[in-house]
Amino acid sequence: MRKAVLFFVLIISIERNALAQTALPCDKHATQETINLYNNLKRSLDRGVMLGHQDDLAYGVGWKYEDGRSDIKDIVGDYPAVMGFELGRIELDHPVNLDSVPFDKMRGFIKTAYAHGSVITISWHLNNPLTGKTAWDLSPKQTIASILPGGEKNALYNSWLDKVAAFFLSLKDAKGEYIPIIFRPFHELNGSWFWWGGKNCTPDEIKHLYQYTESYLRDTTAVHNLLYAFNTDKFYSADEYLERFPGDDYTDVLGFDIYQRNSNDEFMKDANNMLSMLDSISFAHNKIPALTEFGYANLPDSMWWTNVLLPVLKSHKVAYALAWRNAGVKKIDDTEFYMPYKGQASANNFILFCNDEKILLQQDAAKEKLYQTH
Ligand code: BMA
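Residues numbered from 1 in each chain as written. Predicted model: local features only at pLDDT ≥ 70, side-chain atom pairs only at ≥ 80, totals over all residues. Heavy atoms only, no water.

Undergrad: Before we move on, can you summarise the overall build of the protein with the specific residues and values?
TA: The helix and strand inventory of the protein stands at twelve helices and 13 strands. Its C-alpha atoms give the protein a radius of gyration of 21 Å, within 12% of the compact-globule value 21 Å for 374 residues. The buried share among the 374 residues of the protein stands at 57%. Looking at the protein alone, contacts between residues at least 24 apart form 74% of all its contacts between residues at least 6 apart. (Helix = DSSP H or I, 4+ residues; strand = E, 2+ residues; numbered from the N terminus. Rg over C-alpha atoms; globule rule 2.2 N^0.38 Å. Buried < 20%, exposed > 50% of the residue type's maximum accessible area, 1.4 Å probe, protein only. Contact = heavy atoms within 4.5 Å.)

Take a look at the structure:
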């Protein structure tokens with residue numbers, strides 16, 4: 001009898017090893033598809049950079065909610081390999097997010113993108129739970145203390161996390177399996193423009209909040225289809241990058257956000273410096289490096305893609321690079337886009353950029369079979 005049990009245990013462990021060669025993400029109970037995504041993102045670093053776009057399927061410059069449309073597809077005939085979405089206002093039970101995207105439609109876009117092999121990443125510009133105002137409301141500075149256990153807004157914050165969890169748990173494919181998501185909470189946390197960032201809290205506070213949030217989603221609400229992305233804004237040293245790092249047990253992807261606000265040379269210098277630091281930090285911590293947001297507002301340089309971004313991306317290992325949203329005309333004299341659209345000055349150059357073998361779109365991602373065990 002005892003021998004039989006031992007034999008059985010042996011067979012199971014051999015099977016597990018054979019099945020795997022796989023490392024586990026920080027959620028040790030992650031679903032198999034999520035584990036696969038984690039391992040395949042690491043593997044894909046040698047293949048190239050997956051190009052991403054926020055709200056790509058929802059709207060573009062001059063259009064909204066046209067079935068199957070995408071500003072990128074309009075130009076190059078394929079969709080991005082990474083699709084970004086945003087949960088801000090889900091905590092308030094609003095039917096649409098802070099950029100007016102209905103959560104029901106978002107769920108549909110996510111299912112479609114997943115079915116076609118793309119990677120999904122989600123950010124959350126959550127309101128300030130202490131003041132009830134937006135993510136950009138910086139007063140007062142005790143917000144984090146108020147939402148951690150013992151704080152007056154802890155129950156409220158937990159109820160927000162319950163809503164976020166319900167959304168993640170509603171993301172299932174046609175077979176009923178959970179869709180893996182790269183969740184990127186508390187982004188740009190070294191900058192001081194969000195209540196969770198920079199001077200608005202201490203490094204320890206934001207670390208605790210990150211850990212608390214993740215433990216709650218994972219252990220209390222049993223969400224196991226998430227990889228976690230940690231990301232800063234511009235940074236100047238590894239120490240600065242890691243000052244607010246919640247730890248290896250809480251992160252899978254390491255990234256930063258970068259926007260071009262000055263000359264091409266300056267941008268390339270900054271991007272190369274930061275990517276070199278990210279290369280070594282993510283190697284040392286065994287994490288997946290990514291450019292979690294990038295953009296050059298309204299793309300005034302028609303050659304930017306091949307002259308500036310391509311050489312930067314090709315000198316480093318980055319799993320993906322996500323351009324921010326093509327909001328189009330927001331108000332008179334306020335237009336926002338980071339990907340070209342048909343007819344935009346940099347559109348032809350963008351085609352050349354996408355033709356590079358290291359730049360991966362949705363069809364390339366599909367070939368990588370990112371959700372399968374290899
Ligand atoms: C910002 C801008 C805003 C938007 C916010 C959240 O960078 O694009 O218009 O509301 O992100 O998506």
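Undergrad: An account of the pairing of strand S10 (residues 320-323) is requested, with residue identities and associated values reported.
TA: Of the two faces of S10, the one carrying Tyr320 and Leu322 and the one carrying Ala321 and Ala323 are both buried. Summarising the sheet, strand S1 (residues 49-54) and S10 pair through four bridges and their orientation is parallel. When the bridges of S10 are listed, Gly52 appears paired with Leu322. Two elements, strand S9 (residues 288-295) and S10, share two bridges in a ladder whose sense is parallel. Paired with Leu291 across the strands is Ala321, a residue of S10. Handedness of the crossover joining S9 and S10 through helix H10 (residues 304-314) is recorded here as right-handed. (Pairing = 2+ DSSP bridges. Right-handed = clockwise from strand over helix to strand, strands pointing away.)

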